[in-house]
Amino acid sequence: MEKTNASKQGVLHWLDENFEKMFLVTGLLSITLFITWQVIYRYIITQFIERAGAAVWTEELSRYIFIWISYLALSVAIKKRSSIRVDMLYDHLPPRLQQISWIVVEVLFFILTATIAYYGWGQIERLQEYPQHTTALRIPFLIPYLILPFGFGLMCFRLLQSLYKQVKVCGLVDTLIGLIAVFVIASPVIFCDYIEPLPALFGYFIVLCAIGVPVAISLGLSTLATIICADTLPIEYMAQVAFTSIDSFPIMAIPFFIAAGVFMGAGGLSHRLLSLADEIVGGTYGGIGLTAIVTCMFFGAISGSGPATVAAIGALTIPAMVERGYDKYFSAALVAAAGCVGVMIPPSNPFVVYGISAQVSIGDLFMSGIVPGIMVGIVLMSYCYWYSRKKGWRGQEKVRNARTLMHAAWDAKWALMVPVIVLGGIYGGIMTPTEAAAIAAFYGLIVGLFLYKEMDFKCLINSCIESCETSAVIIVLMAMATLFGNIMTIEDVPGTVARAILSFSENKIVILMLINVLLLIVGTFMEALAAIVILVPILLPIVTGVGVSPLHFGVIIVVNLAIGFITPPVGVNLFVASGVAKAKLENIASQALPMIALMLIVLLICTYIPEVPLILVGGPH
C-alpha cells in the first residue's frame, strides 16, 4: 500500500513538473516541421505532382498550436518567475519587503489570469451556441479557443502553487501586509464610480511596473482597471483579444528565430565561430577581445537576441580574457556591449516586433540593421584595440595563416549558412520571414543532432522548453500591449502626443533629437521589446509627420534600445555579463561608459544620415 502511494506521488510529482513541457516540446517541433514541409511542398512536391494544390493546412494548424504553446509556456515561466519586469525599486528593498512584494505581484497576476480564464470560458459557451469552423481544416473554433480557459486556468493554478510557497516563506503577518497592499492598489477600481480613462490607464501602468509586476501583466491589469473604471470597452473583449492579437503568422517568426539560436548554440556552434573569429583577428593587440566582438557579430546573425549572444559567447570569452591578463570588468563590459549587435544584425527579434507593430516589411528591416550592426562592431573593435595597446594586452601567440583560416571557416561552415538561408530566402522571394525562421530552426536542429552531433535527446528537450519559455514572455507582452494600445487609440493618445511635440517644434532635427533622448531614457529602465510595443503607436505618427520613413524609424528605435541593453539599471546584457564574470554590476557599467559613447555616435549617424543604414535597401523610401 505504501509503495502504491509512493508510486502515485511520484507520478503526480512528475506530472506537476512536466505537464506543460510535454506540450511545449511536441508543439514546437510540430510547427517547425509543418512550416518546413510547407516550403518543401511548395518548391519540390508541386514540381513532380500536377494539381498538388497548396499546403494551406500547415499554416492554419501551426498558428493554433503556436497560440497554445505560447500560453502554456507562460505557466512554466510563472514557476521559474522568469519575466520582463522593472526591478529598480525591488532591488533597493530590504529582503523582508522583497518577499512581501512577491505576494503582491502574484495576487495581482492571479487577478488578470482569472479574469481572462473566466471570460475565455464565456467565449467557449458562445462558440457552443453558435458554432464556427476554421477555413482550411474545418476545425471547430471552440478547440483553439479552449486555450483561454485551459491555459489561463493553468496559470491560475501555478500562481496559487507559487503563492502557497511564498506564504510559507513570509508567514501570516507579512502575507496579510501583502494582501492589504493589493487592496490599497485596487481600491480606486473598487470604490470609484468613474475615473478618466488616461489617468487610470497610465497611472496603474506606472504604479504596477514600479512595484515589480511584469510589464506584460502591468499592461493587462491597467487595461482591465481602465475598462472597469471608465467603461471604455466590454470586459469580455480582453479574452477575445488575448487570442486574436497573436493569431498571426508573422509573429510566429519570433519563437522560430529564438529556437534557431538555442539549437545552434546547444549544438556546438559557439566554439566553431570563436575559432574562426580568432583566426581572423586573434593575433593583434586585444586579440581575444576582438575575437569576442567578431564572434558576437557572427552569433547575432543566428540568435537575434542580445542577452543570448552575451550568455553564449561570454561564457567562453570572458574567462579566456581574464586568464590572459585582461581586466575582468573591461572583459565583461566589452562582451556586454558586443552583445548589442545581436539585435541589429538580422535576424533580430526587436525588428520582427517593430515590423508587426508598424506594418513595415520585416525583410527590409533586417537588411537595414546590417550596416548599423557592422558599424557598432567596428567602433567597439577600434576601442578594444586602442585600449588593449595602451595596456599591453596582446593576442595569443600561435600559427595563423591562410591554411588555418580556411580550416576554421570549413569547420564553421554549417553555422555560417544560417544568415545565407534567412536573408537569401527572404530577399530571393522564396520564403516569408516566418518560413525562413522555421527553416533556420529546422536547420539548427539537423546541424546540432546529426552534423556537429553535440546535441543529445535531453539537450533537445531542454532547448525546446527554453525556446518556448523565452518567446512566450515576448508573445504575451504583445498580446497585452494590443489591449493597452486599443484604449490609447480610442482616447487618441498618439494624436495628442504628436500634436504636443509638433507644437513645441516642427524642426525634423529637433524632433528626432527629442525622440532619441526619450528612447535612451526609456531604454535605461524598460526592456527593448516592451518599449517597442508601447511606444511605436505613439511615436510613429510624429516621425512620419516630419518626413521620416517608418523603415528608417525602425532602425532608429532598435539602435536606441540596443544601447539600453548596457545602460543601468535595466541593462540586461550587463546582468548576464555580470553573472558570467562573477563581477559587480557597477564596475562593469563604469567600464562600459566609453563604449556607450561610441555607440551614441553610431546612433546619431543612423538618425541624421538615413542613407547610411538604408544603403542596402536603396536608401530612404
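None of these values were measured; they are calculated from a predicted model. (Residues numbered from 1 in each chain as written. Predicted model: local features only at pLDDT ≥ 70, side-chain atom pairs only at ≥ 80, totals over all residues. Heavy atoms only, no water.)

Together, Leu172, Leu176, Leu179, Ile180, Phe183, Val184, Ile190 and Phe191 make up a nonpolar patch on the protein surface, roughly 840 Å² of accessible area in all. Among the secondary structure elements, Phe191 is positioned in helix H6 (residues 147-191). (Patch = residues over 30% accessible without salt bridge, like charges linked within 9 Å, V, L, I, M, F, W, Y side chains within 5 Å. Areas by Shrake-Rupley, 256 points an atom, 1.4 Å probe, with all protein chains shown as cover. Salt bridge = Lys/Arg side-chain N within 4 Å of Asp/Glu carboxyl O. Helix = DSSP H or I, 4+ residues; strand = E, 2+ residues; numbered from the N terminus.)

Okay, the pattern of salt bridges next. On inspection of all chains with the given rule, the structure shows seven salt bridges. For the salt bridge of Lys80 with Glu469, the shortest nitrogen-to-oxygen distance reads 3.0 Å. Remark: Glu469 occurs in helix H20 (residues 457-490) and Lys80 occurs in helix H2 (residues 56-80); sequence separation between them is 389 residues. Ionic pairing is found between Asp174 and Arg96, a salt bridge with its closest N-O pair at 2.5 Å. Linking Asp174 in helix H6 with Arg96 in helix H4 (residues 95-129), this pair joins segments that are 78 residues apart in sequence.

Time to look at unusual backbone geometry. The omega torsion across Pro346 and Pro347 is -5°, close enough to zero to call that bond cis. Turning to its location among the elements, Pro347 is positioned in the loop between helix H14 (328-339) and helix H15 (349-358). The phi dihedral of Arg138 is positive, around 55°, even though this residue is not glycine. With respect to the secondary-structure elements, Arg138 resides in the loop between H4 and helix H5 (142-145). On the basis of relative accessible area, Arg138 is assigned to the exposed category, the value being 52%. (Buried < 20%, exposed > 50% of the residue type's maximum accessible area, 1.4 Å probe, protein only.)

The next thing to look at is the packing of helix H9 (residues 237-244) against H20. The N-to-C vectors of H9 and H20 enclose an angle of 130°; their axes lie 8 Å apart at closest approach. The pairing of H9 with H20 is recorded here as oblique in orientation. Where H9 crosses over H20, the two elements pack in a sense that is right-handed. Contact residues: H9 offers Tyr237, Met238, Val241 and Ala242, while H20 offers Ala479, Thr482, Leu483 and Asn486. Here the residues of the contact of H9 with H20 are counted per class, giving six nonpolar, two polar and no charged. (Axes fitted to C-alpha atoms, helices over the stretch in contact; angles between N-to-C directions. Parallel < 35°, antiparallel > 145°, perpendicular 65-115°, else oblique. Left-handed = near helix turned anticlockwise from the far one by under 90°. Contact = heavy atoms within 4.5 Å. Nonpolar A, V, L, I, M, F, W, Y, C, P; charged D, E, K, R; others polar.)

Glancing now at the domain arrangement of the protein chain. Assigned domains within the protein chain: domain 1 (12-247) and domain 2 (252-455 + 492-608). Listed by partner, the interface residues are 22 residues for domain 1 and 22 residues for domain 2. The junction of domain 1 with domain 2 conceals about 1900 Å² of combined surface from both sides, 85% of it contributed by carbon and sulfur atoms. In this structure, the connection of domain 1 to domain 2 is made through one salt bridge. One salt bridge in this structure joins Arg42 and Glu435, with 2.7 Å as the shortest N-O distance. For the pair domain 1 and domain 2, the number of links is three residue pairs in polar contact (both at pLDDT 80 or more). (Domains from an automatic or database assignment. Buried area = accessible area lost by both parts, 1.4 Å probe. Polar contact = N/O pair within 3.5 Å; in protein donor to acceptor, adjacent residues only side chain to side chain.)

Tracing the backbone through its elements, the reader meets Gly267 in the loop between helix H10 (253-266) and helix H11 (269-281). Gly267 gets classed as buried once you look at its relative accessible area, which sits at 0%. For the pair Gly267 and Leu445, spaced 178 residues apart in sequence, the C-alpha separation works out to 8.0 Å.

Time to look at the packing of aromatic side chains. For the structure on display, the rule yields 22 aromatic pairs. Each ring, one from Tyr383 and one from Trp386, has its centre 5.9 Å from the other, and the planes form 35°; the classification is tilted. With Tyr383 and Trp386 both in helix H16 (residues 362-391) and three residues apart, this pair spans about one turn of that helix. Take Tyr383: its relative accessible area is 11%, and that puts it in the buried class. The aromatic ring of Tyr64 is capped on one face by Arg63, whose charged end is 5.3 Å from the ring centroid. Directly above the aromatic system of Trp410 lies the positively charged group of Lys413, at a separation of 4.1 Å from the ring centroid. (Phe/Tyr/Trp six-rings, centres within 6.5 Å; stacked < 30°, edge-to-face > 60°. Lys NZ or Arg CZ within 6 Å of the ring centre and 35° of its normal.)

This part takes up helix H26 (residues 585-608). Taking 1.5 Å of rise per residue, 24 residues should cover 34 Å, and H26 covers 33 Å from first to last C-alpha, within 8% of that figure. Taken as a whole, H26 carries its principal kink of about 40° at Leu593; the proline Pro594 stands between one and four residues after it. Listing the buried residues of H26 in full gives Ile588, Ala589, Gln591, Ala592, Met595, Ile596, Met599, Val602, Leu603, Cys606 and Thr607. (Expected span 1.5 Å × (residues − 1). Bend = angle between axes of the 7 residues up to and from the residue.)

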